[in-house]
Amino acid sequence: MRLVKALGEEQLSVKVMMERIGLKDRENFLDYSLNPSMNEGYIRMLYPDSPRHPRQKYLLTGKGLALYNSICHGDS
């Protein structure tokens, strides 16, 4: 899961996540990467009550961090 790996332990904007993954089409990124990851509980919004907050960022949930650690550090 490239998005989980790109986020890591940071809080990132949509623009920065797209740059890290190498995507340019925001609509496709939202439809095929970010929204499914949020729906599956891997990623959450920093300001969930204000989705269009000017400083909105995204971060991994506990489930997302577990997957990130599994990907990056193995299942040791």
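So, how was this worked out
- Residues numbered from 1 in each chain as written.
- Predicted model: local features only at pLDDT ≥ 70, side-chain atom pairs only at ≥ 80, totals over all residues.
- Heavy atoms only, no water.
- Helix = DSSP H or I, 4+ residues; strand = E, 2+ residues; numbered from the N terminus.
- Rg over C-alpha atoms; globule rule 2.2 N^0.38 Å.
- Buried < 20%, exposed > 50% of the residue type's maximum accessible area, 1.4 Å probe, protein only.
- Arc of directions from axis to C-beta.
- Contact = heavy atoms within 4.5 Å.
- Axes fitted to C-alpha atoms, helices over the stretch in contact; angles between N-to-C directions.
- Parallel < 35°, antiparallel > 145°, perpendicular 65-115°, else oblique.
- Nonpolar A, V, L, I, M, F, W, Y, C, P; charged D, E, K, R; others polar.
- Bend = angle between axes of the 7 residues up to and from the residue.
- Polar contact = N/O pair within 3.5 Å; in protein donor to acceptor, adjacent residues only side chain to side chain.
- Phe/Tyr/Trp six-rings, centres within 6.5 Å; stacked < 30°, edge-to-face > 60°.
- Lys NZ or Arg CZ within 6 Å of the ring centre and 35° of its normal.

Participant: Can you explain the overall build of the chain? Please cite residues and give values.
Facilitator: When its secondary structure is counted, the chain shows 4 helices and 2 strands. Moving toward the C terminus, one meets the helices and strands of the chain in the order α-α-α-β-β-α. Relative to the compact-globule value of 11 Å for 76 residues, the chain shows a C-alpha radius of gyration of 12 Å, a close match. Dimensions of the chain, computed from the C-alpha atoms along their principal axes, are close to 40 × 25 × 20 Å.

Participant: Let's hear about helix H2 (residues 14-21): which residues, and what values?
Facilitator: Taken residue by residue, H2 has Val14, Met17, Met18 and Ile21 as its buried positions. Looking down the long axis of H2, one finds its buried residues gathered within 100° of arc, a one-sided arrangement. Facing away from the buried surface of H2 by more than 90 degrees, the exposed residues are Lys15 and Glu19. Contacts made by the buried residues of H2 are with helix H1 (2-7), helix H3 (26-39) and strand E2 (58-60). Just beyond H2, the residue with positive phi is Gly22, at close to 90°.

Participant: Lay out the packing of H2 against H3 with the relevant residues and their values.
Facilitator: One can describe the packing of H2 onto H3 by two numbers: an axis separation of 11 Å at closest approach and a directional angle of 85°. Judged on the interaxial angle alone, H3 and H2 are roughly perpendicular. Contact residues: H2 offers Val14, Met17, Met18 and Ile21, while H3 offers Arg26, Phe29, Leu30 and Leu34. Classifying every residue of the contact of H2 with H3 by side-chain character gives 7 nonpolar, no polar and 1 charged.

Participant: Describe the environment of Leu34, and please don't skip the residues or the numbers.
Facilitator: Secondary-structure assignment places Leu34 in helix H3. In contact with Leu34, other than residues within four places in its own chain, are Leu3, Val14, Met17, Phe29, Ile43 and Tyr58.

Participant: Break down H3 for me, citing the residues and quoting the values.
Facilitator: A bend of about 25° at Ser33 is the largest found in H3, and the proline Pro36 appears one to four places after it. Those residues of H3 lying buried are Phe29, Ser33, Leu34 and Ser37. Against the buried residues of H3 lie H1, H2, strand E1 (43-45) and E2. Measuring from the side-chain oxygen of the N-cap residue of H3 to the backbone nitrogen of Glu27 gives 3.0 Å; that N-cap residue is Asp25.

Participant: Can you lay out the packing of aromatic side chains for me, pointing to particular residues and giving the numbers?
Facilitator: In total, this model carries 0 aromatic pairs according to the counting rule given. Sitting above the plane of the Tyr42 ring, Lys63 keeps its charged end 4.7 Å from the centroid.

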